[in-house]
Amino acid sequence: GLRGQLLVILLVAGVATIVALTVFIERGLNRPIRLFLASMTAVERGDLAATPPSMRRDEMGELAVGFTRMLDRIRESHEENARLLEEIRRFNQDLQRRVDEATEVLADRNEALQQANELLFDLTRQLRRAEHFATMGQLTATMAHEIGTPLNAVSLHLQLLARSAALTAADRHRLGIIDQQIQRPVKTIHEFLAAARVEPRPRQRVDINVLIRNVTTLMGPALGAKGIVCDVRLAEPLAPIRADEHQIQQLLLNLLGNAVDAMPGGGHLRIETASGGGFVSLTVTDSGPGIPPELRERVFEPFFTTKGAAGTGLGLAVCRSIVEGHRGTIELASQPGPGATFVVRVPAHSEGVDG
Ligand SMILES: Nc1ncnc2c1ncn2[C@@H]1O[C@H](COP(=O)(O)OP(=O)(O)O)[C@@H](O)[C@H]1O
Ligand SMILES: [Mg+2]
């Protein structure tokens, strides 16, 4: 009857409602949630471009918009991170390159420093050796003179004495022994001198004027070619000196050589001699640039040179050594204006004194 129909209708309506609800839930909630889950999984895998589901106007739609915005922000911050990382990488690279460069420069400097050190060490050793030899040379020359000369005289007189007829055979024998004993140190000195390669040449009466004339005649053409006018003013007569002629000639050559070096474009050279007060003086003046006050003493130091590889720095050191070996002095005269003047003073040779 009617109740049965109503029941059927209600049943159908109920089923329809359930179906409709199911469809609604499925389409309105489950599906978007599944899609969300799918895009979240994609994001989790690192796919930040995954787009969330449909743009609906309900809460699901708003959720999707919010989700998209969040993804955009994450993507932006990822990109920013990547950019910063790249910047840091480049900075590191740059830093590494600079450190490498600096290390290389440092290594170069270190090497240069080490070479300079070795050079300095070498030079110091050479200097010490040169000083040692100079001292040895002076010492041996002094020894030869102070010991050798009187011993030779003693030996000579012993030999003369041995010829005397008044001597007994025993006396003669004793004199022979004395002479033999004296010969020993004389021989030792000779060997010592030979080892030091210093050959003391005999001192003789030397007229400096004669040496100057020889040297200037020798150097004349070279001086002329360099545009150097040479003015020689010799005092006549000049007191002789007792000297090693070769050394005095060397002294002259060194002083003239320096004067020539100082006037590469030509100039005036004056050589003067004078005597008086028991001394003979030699003055060499040039019209070069002169020597600055702070170098006045240094120029006499061995190895001091301002000529770089062209100089040895020994010229004036040798001059001083020679002059002092002759009990004289050498100095740089102070003078206003340019030019350099070297003054050498050596004791005059006094007759009768055999020294
Ligand atoms: N007549 C001069 N004029 C200017 N400077 C000089 C003169 N003579 C010497 N000097 C200076 O003294 C230095 C040392 O001289 P020297 O001992 O002869 O060595 P070198 O001639 O080998 O340099 C020279 O390098 C130079 O600077
Ligand atoms: Mg010189």
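Structure report, in brief. (Residues numbered from 1 in each chain as written. Chains lettered and ligands numbered in written order. Predicted model: local features only at pLDDT ≥ 70, side-chain atom pairs only at ≥ 80, totals over all residues. Heavy atoms only, no water.)

With that settled, the discussion passes to the overall build of the protein. In terms of regular secondary structure, the protein is built from six helices and seven strands. The secondary structure elements of the protein, listed N-terminal to C-terminal, are α-α-α-β-α-β-β-α-β-β-α-β-β. Counting every position in the protein, which comprises 355 residues, the buried fraction comes to 25%. Taking all contacts inside the protein whose residues are at least 6 apart in sequence as the whole, residues at least 24 apart take part in 66%. As presented, the protein carries roughly 24,400 Å² of accessible surface, and 60% of it is formed by carbon and sulfur atoms. (Helix = DSSP H or I, 4+ residues; strand = E, 2+ residues; numbered from the N terminus. Buried < 20%, exposed > 50% of the residue type's maximum accessible area, 1.4 Å probe, protein only. Contact = heavy atoms within 4.5 Å. Areas by Shrake-Rupley, 256 points an atom, 1.4 Å probe, with all protein chains shown as cover.)

Bringing helix H1 (residues 2-44) into the picture now. Look at H1: 60 Å from first C-alpha to last across 43 residues, which is about the 63 Å you get at 1.5 Å a residue. Most pronounced at Glu26, the bend in H1 amounts to some 40°. Turning to H1, its buried residues are Gly28, Pro32, Phe36, Ser39, Ala42 and Val43. Looking at the residues trailing H1, positive phi occurs at Gly46, about 105°. (Expected span 1.5 Å × (residues − 1). Bend = angle between axes of the 7 residues up to and from the residue.)

This part covers the environment of Lys307. Structurally, the position occupied by Lys307 is in the loop between strand S5 (279-286) and helix H6 (315-325). Apart from residues lying up to four places away in sequence, Lys307 is in contact with Asn258 and Asp261. Polar side-chain contacts of Lys307 include one of 3.1 Å to the side chain of Asn258. (Polar contact = N/O pair within 3.5 Å; in protein donor to acceptor, adjacent residues only side chain to side chain.)

Applying the stated criterion across every chain, the model contains two aromatic pairs. Summarising the aromatic geometry, the rings of Phe36 and Phe67 are spaced 5.3 Å apart at their centres and angled 85° between planes, so their arrangement reads as edge-to-face. Taken together, the residues Phe36 in helix H1 and Phe67 in helix H2 (residues 59-162) connect sequence positions 31 residues apart. Overall, the relative accessible area of 8% leaves Phe36 in the buried class. Residue Phe67 is classed as buried on the basis of its relative accessible area of 11%. Both rings, one in Phe300 and one in Phe342, keep their centres 6.2 Å apart while their planes meet at 85°; by these two values the pair is edge-to-face. Separated by 42 residues along the polypeptide, Phe300 in the loop between S5 and H6 and Phe342 in strand S7 (residues 340-347) bring together distant segments of the chain. Here Phe300 and Phe342 have matching classes, each one buried. The residue whose ring lies beneath Arg345 is Phe279, and the NZ or CZ to ring-centre distance is 4.6 Å. (Phe/Tyr/Trp six-rings, centres within 6.5 Å; stacked < 30°, edge-to-face > 60°. Lys NZ or Arg CZ within 6 Å of the ring centre and 35° of its normal.)

Ranked by internal contacts, the top residues of the largest apolar core, which has 38 residues, are Ile241, Leu255, Leu269, Leu282 and Val344. Of all elements in the fold, only helix H4 (208-225), strand S3 (241-243), helix H5 (245-262), strand S4 (267-276), S5, H6, strand S6 (329-333) and S7 reach the threshold of two or more residues within this core. By residue number, the principal contributor to this core is H5, which donates seven residues. With seven residues, the next largest nonpolar core counts Leu48, Met60, Ala64 and Leu71 among its residues. (Core = buried A, V, L, I, M, F, W, Y, C linked by side-chain atoms within 4.5 Å.)

One pass over the structure, following the stated rule, counts 16 salt bridges. A salt bridge links Asp261 to Lys307; the shortest N-O distance between them is 2.9 Å. With Asp261 in helix H5 and Lys307 in the loop between S5 and H6, this pair connects stretches of sequence that are 46 residues apart. The class for Asp261 is partly exposed, based on a relative accessible area of 45%. Between Arg270 and Glu272 there is a salt bridge, with its nearest N and O atoms 3.3 Å apart. (Salt bridge = Lys/Arg side-chain N within 4 Å of Asp/Glu carboxyl O.)

Residue Pro237 follows Glu236 across a cis peptide bond; omega there is -5°. Assignment of secondary structure puts Pro237 in the loop between strand S2 (228-233) and S3.

It is worth spelling out the site of ligand 1 at this point. Around ligand 1 sit 19 residues, and of these Asp286, Thr305, Thr306, Lys307 and Thr312 come closest. Contact between ligand 1 and Gly313: an oxygen atom at 2.9 Å from a main-chain N or O atom of the residue. With respect to ligand 1, the backbone of Gly315 contributes an N or O atom lying 3.3 Å from an oxygen atom. Its free accessible area being 540 Å², ligand 1 has 91% of it covered by the protein chains. Placement of ligand 1 is best described as lying within the second largest pocket. Of the residues that constitute the shell around ligand 1, the class distribution is nine nonpolar, eight polar and two charged. (Near = heavy atom within 4 Å. 1 Å grid on protein atoms, 1.4 Å probe; cavity = no way out; pocket = protein on both sides within 12 Å on 5 of 7 lines; lining within 4 Å. Sits in = over half its atoms within 2 Å of the grid points. Nonpolar A, V, L, I, M, F, W, Y, C, P; charged D, E, K, R; others polar.)

For the rest of this paragraph, the subject is the layout of surface pockets. Picture a little ball the size of a water molecule; that probe, rolled over the atoms, points out where space is still empty. Size it by volume and the second largest pocket reaches roughly 590 Å³. If you trace the second largest pocket, you find 27 residues lining it, with Asn258, Asp261, Thr306, Lys307 and Leu316 closest to the centre. Mapped by element, the contributors of at least two residues to the lining of the second largest pocket are H5, S5, H6 and S7. Counting residues per element, the lining of the second largest pocket draws most heavily on H5, which supplies six residues. A per-class count over the lining of the second largest pocket returns 15 nonpolar, nine polar and three charged. (Points joined across faces, edges and corners; volume = space filled by probe spheres on them.)

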